[in-house]
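Each chain, written out:
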Amino acid sequence: MCGELRKAHVGQKVFLAGWVDRRRDLGNLIFIDLRDHTGMTQVVVSREKDPEAHEKGEQVRSEFVVGVEGEVLERSAETVNAQVATGEVEVRARRLLILNEAKTPPFAIEDETKTAEETRLRYRYLDLRRPRMQERLRLRHRAALAVREHLSEHKFVEVETPFMTRSTPEGARDFLVPSRIQHGKFYALPQSPQLFKQLLMIGGTDRYFQIVRCFRDEDFRADRQAEFTQVDIEMAFPEREALFEIIEGLMEKLWALAGVQIERPFPHLTYDEAMERFGSDKPDLRFGLEWRQIAVPAAAREKLRLFESLKAMRLPKLAEISRSQLDRLQDFARTTSADWFSYFKVSGRGIQSPLGKVIGDEAVKALAEGIGAEPGDLVLLLGIKKSGTTSPRTTRSSADRRLDEASGVLRLEAARRFELIPKGGWHFAWIVDFPMFEFDEKEKRFNAMHHPFTSPQEEDLEKLESDPGDVKALAYDLVLNGSEIGGGSIRIHRQDIQRRVFKALGMTEEQARARFGFFLDALEYGTPPHGGIALGFDRIVALLSGESNIREVIAFPKTASAVDLMCEAPAEVDSRQLDELGIRIK
């Protein structure tokens, strides 16, 4: 291969094949940098010694596919190229074969490119030639191999589940596949193999996994794909901590591929704790900024009586931040779901804050003492006004949820603007004890926070009918540096509980039977306790690669609006195909 030659090969006859990266014509000598996915080798073609090969070399241009037969020579000391692994040697071409010519590419085939992403996706087959893209695809392969080896060591069995199944419209929209044989009926591409992996547990498979493609017809999201890959895992008779240990061991092996040793065991945070402290159920723990719910000092209650929830965050040693920087941060805060933003600085000269004019200096001082602010600190404040509306009680009120959302976004923005996120470092955490349901204010009903097959915590079963908003689930997420890389739960294994959960979600018996009848039937035949997790494989490989966008680690991705620019899909189809399917375009 083009990147394998070293001084030990000097004197050997070799044959190389690849793409011409660069050609330099010096008259009697032509130098060709020949590239494949392993690297690059310099080829020398001499008019005097190998006239036929030289004649071919004059025809060669960038991205031509060529084969070279020749002898490995050691370069002189002054011509060694330390920038490439093969830089101490070159190949003197005795024979040069032009295997295929090439048009001039629309962009240079090199690691660093400023070419627009649309152009790269339109010519993805050229983009994949770039060494960086080849490295990503090979890392993805090694990661998949590590997954299979690790789970096989723990006695998991890889089982393929169907791509064509029935539509279960809970969560994201399904991609529908019309049936040609049964007009008016449709298959759906799976959003996940959720029901099938649970059925495998009923079938006695005991431990299952699959590296599987999933499909979700979601609205525009910048870093989502309509089709994506997840590592799907399920086990019977699970203990949550045993599953966590298996997954942590897998993460350890995956990150070893990038030369990183991670710390185990991963810390656990409850959902409520994560939301209160970090404003997010996928907190970035590389930096320590934390929010605190604050009580309003007596002196300020009259002035702040309109606010239902208030939070404060202390930023140590940032009191010297300029007023203009804070004004820009305030402008950003106005774009969040918070109703109010303010701040104060603590210095040796006292407390400086525009808030003093509103609630008085003594009240500001009381706020500073309440949050434990010290000289040199900057403190940010967020508030949500009382809405005057009521909704079913949940573990966190709608005002709390709005404040959490705003505080999480502002925490990340402040960390970015003030350069508080350390470079490097991998901080995993398990988020546990999620609410079972979340209330949809628009639809005026409860939705499953994870999915409707997640088991409620046993002590909360009695609340399913009387107080569903207060039910906690046996659900958990794995988060890393502010990204959710996996989500799972202990599942419902009893039919009576599954029916009660469907009812809490507003499904009638008839609706539950129509959508999930086959599954409800299966639960009657000795279903073992079971649980598992789904890991986002694309996201994991992107993090391992240092990429912020999962499209960089997928061979043939679609745009954020689910368009394949290379194949020009989706596209119209022939009217005869529609006739066969019994479909008319509306």
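Structure first, text after, so check above.
Residues numbered from 1 in each chain as written. Predicted model: local features only at pLDDT ≥ 70, side-chain atom pairs only at ≥ 80, totals over all residues. Heavy atoms only, no water.

Student: Would you take a moment to explain the overall build of the protein chain for this structure?
Tutor: For the protein chain, the count of helices and strands is 16 helices and 22 strands. Principal axes of the C-alpha set define a box for the protein chain whose edges measure 95 × 75 × 50 Å. Residue burial in the protein chain is summarised as follows: out of 586 residues, 47% are buried. Of the contacts formed within the protein chain by residues at least 6 apart in sequence, a portion of 69% connects residues at least 24 apart. (Helix = DSSP H or I, 4+ residues; strand = E, 2+ residues; numbered from the N terminus. Buried < 20%, exposed > 50% of the residue type's maximum accessible area, 1.4 Å probe, protein only. Contact = heavy atoms within 4.5 Å.)

Student: Honestly, the sheet that holds strand β9 (residues 207-215) in this entry has me stumped. Any pointers?
Tutor: Each strand in a sheet pairs with another by means of backbone hydrogen bonds, the pair being arranged parallel or else antiparallel. Strand order in the open sheet made by the eight strands is β6-β9-β10-β22-β21-β20-β17-β11, with mixed pairing throughout. Of all the strands in the sheet, just β6 (157-158) and β11 (268-270) have a single pairing partner and so form its edges. (Pairing = 2+ DSSP bridges.)

Student: What is the right way to read empty space enclosed by the protein from this model?
Tutor: Once rolled over the atoms, a probe with the size of a water molecule shows which space is left empty. In this structure the tally under the stated criterion is two cavities of 30 Å³ or more. What lines the second largest cavity is simply L121, R124, F556, P557, D564, L565 and M566. Across the lining of the second largest cavity, the residue classes break down as five nonpolar, no polar and two charged. (1 Å grid on protein atoms, 1.4 Å probe; cavity = no way out; pocket = protein on both sides within 12 Å on 5 of 7 lines; lining within 4 Å. Points joined across faces, edges and corners; volume = space filled by probe spheres on them. Nonpolar A, V, L, I, M, F, W, Y, C, P; charged D, E, K, R; others polar.)

Student: Is there a simple way to explain the nonpolar core in this structure?
Tutor: Within soluble globular proteins, side chains that are nonpolar tend to cluster in buried spots. By size, the foremost hydrophobic cluster in this structure holds 41 residues, and its most contacted members are I233, M251, L254, W255 and L535. In terms of residue count, helix α6 (residues 240-256) provides more of this core than any other element does, eight residues in total. The residues touching L535, leaving out its near neighbours within four places in the chain, are T229, Q230, V231, I233, I247, L250, M251, L478, I485, G486 and I540. Counting residues in each nonpolar core, the second largest holds 26 residues, with L269, F434, F446 and A448 among its members. (Core = buried A, V, L, I, M, F, W, Y, C linked by side-chain atoms within 4.5 Å.)

Student: Looking at this model, I keep getting lost on a nonpolar patch on the surface. Mind explaining?
Tutor: On the surface, F163, M164 and Y187 cluster together into a nonpolar patch covering about 290 Å² of accessible area. Residue position: M164 is located in the loop between β6 and β7 (175-178). (Patch = residues over 30% accessible without salt bridge, like charges linked within 9 Å, V, L, I, M, F, W, Y side chains within 5 Å. Areas by Shrake-Rupley, 256 points an atom, 1.4 Å probe, with all protein chains shown as cover. Salt bridge = Lys/Arg side-chain N within 4 Å of Asp/Glu carboxyl O.)

Student: Where do I start with unusual backbone geometry in this structure?
Tutor: Peptide bonds are, in most cases, trans, and in most cases residues other than glycine have a negative phi. At the junction of R264 and P265, the peptide bond is cis and its omega measures out at -5° in the coordinates. If you trace the backbone, P265 turns up in the loop between α6 and β11. Across the junction of A569 and P570, the peptide omega takes the value 5°, indicating a cis bond. Structurally, P570 is set in the loop between α15 (537-545) and α16 (575-581). Even without being glycine, D206 reaches a positive phi, approximately 80°. Within the secondary structure, D206 is located in the loop between α5 (194-202) and β9.

Student: What should I look at first to understand the packing of aromatic side chains in this one?
Tutor: Working definition: an aromatic ring pair is given by the centre-to-centre distance plus the angle between the planes. For the coordinates displayed, the defined rule picks out 15 aromatic pairs. Ring geometry for F244 versus W430: centroids 3.8 Å apart, planes at 5°, classification stacked. On the criterion of sequence distance, the pair formed by F244 in helix α6 and W430 in strand β17 (residues 428-432) is long-range, its members being 186 residues apart. The same class applies to F244 and to W430, which are both buried. With a centroid separation of 5.0 Å and an interplanar angle of 15°, the aromatic rings of F502 and F516 are classed as stacked. In this pair, F502 sits in helix α13 (residues 495-504) while F516 sits in helix α14 (residues 509-522), placing the two residues 14 residues apart along the sequence. Assigned by exposure class, F502 and F516 land together as buried. Each member of the aromatic cluster is reached from another via a ring pair, and the members are W255, F266, W426 and F428. (Phe/Tyr/Trp six-rings, centres within 6.5 Å; stacked < 30°, edge-to-face > 60°.)

Student: Explanation requested: helix α4 (residues 131-153) in the structure shown.
Tutor: Residues three or four positions apart in an α-helix share a direction because the helix packs 3.6 residues into each turn. For α4, with 23 residues, the first-to-last C-alpha span of 33 Å sits near the 33 Å given by 1.5 Å per residue. Restricting attention to buried positions, one finds in α4 the residues M133, Q134, R136, L139, R140, A143, A144, A146, V147, H150 and L151. Packed against the buried residues of α4 are α2 (117-122), α3 (124-127), β9, β10 (227-236), α6 and α15. Where α4 ends, the next residue or the one after it, K155, has phi of about 70°, a positive value. (Expected span 1.5 Å × (residues − 1).)

Student: I tried to follow the sheet that holds strand β5 (residues 89-100) on my own but got confused; where do I start?
Tutor: Read around the closed barrel, five strands run β1-β2-β3-β5-β4, paired in mixed fashion. With direction set aside, neighbouring strand axes in the sheet form an average angle of 55°. Where strand β1 (residues 13-25) lies against strand β4 (residues 65-74), seven bridges are found, and the strand directions are antiparallel. Paired with V14 across the two strands is G70, which belongs to β4. This element, helix α1 (residues 51-59), spans β1, β2 (29-36), β3 (39-46) and β5 of the sheet and lies at about 65° to β5. (Axes fitted to C-alpha atoms, helices over the stretch in contact; angles between N-to-C directions.)

Student: Help me out: how do you make sense of the side chain of Q230 in this one?
Tutor: Locating Q230 in the fold gives a position in strand β10. A polar contact is formed between the side chain of Q230 and the side chain of D232, at a distance of 3.0 Å. Among residues more than four places away in sequence, those in contact with Q230 are S192, P193, Q210, I211, V212, C214, A534, L535 and F537. (Polar contact = N/O pair within 3.5 Å; in protein donor to acceptor, adjacent residues only side chain to side chain.)

Student: Which parts of the structure should I look at to understand the packing of helix α8 (residues 323-333) against helix α11 (residues 398-417)?
Tutor: When two helices pack together, their arrangement is given by the angle between their axes and by how far apart the axes lie. For the pair α8 and α11, the least separation of the axes is 11 Å and the interaxial angle reads 150°. Taken together, the axes of α8 and α11 are roughly antiparallel relative to one another. Here α8 and α11 pass one another in a crossing that is right-handed. For the pair α8 and α11, contact is made by R328, L329, F332 and A333 and by V409, L410, E413, A414 and R417, respectively. Grouping the constituent residues of the contact of α8 with α11 by class yields six nonpolar, no polar and three charged. (Parallel < 35°, antiparallel > 145°, perpendicular 65-115°, else oblique. Left-handed = near helix turned anticlockwise from the far one by under 90°.)

Student: Explanation requested: the layout of surface pockets in the structure shown.
Tutor: By volume, the second largest pocket amounts to about 670 Å³. In terms of lining residues, the second largest pocket is bounded by 33 residues, among which D21, R35, M40, V84 and P131 are the most central. Of all the secondary structure elements, the ones that give two or more residues to the lining of the second largest pocket are β1, β2, β3 and α4. Among the elements that line the lining of the second largest pocket, the one with the most residues is α4, at five residues. Its residues assigned to classes, the lining of the second largest pocket shows eight nonpolar, 10 polar and 15 charged.

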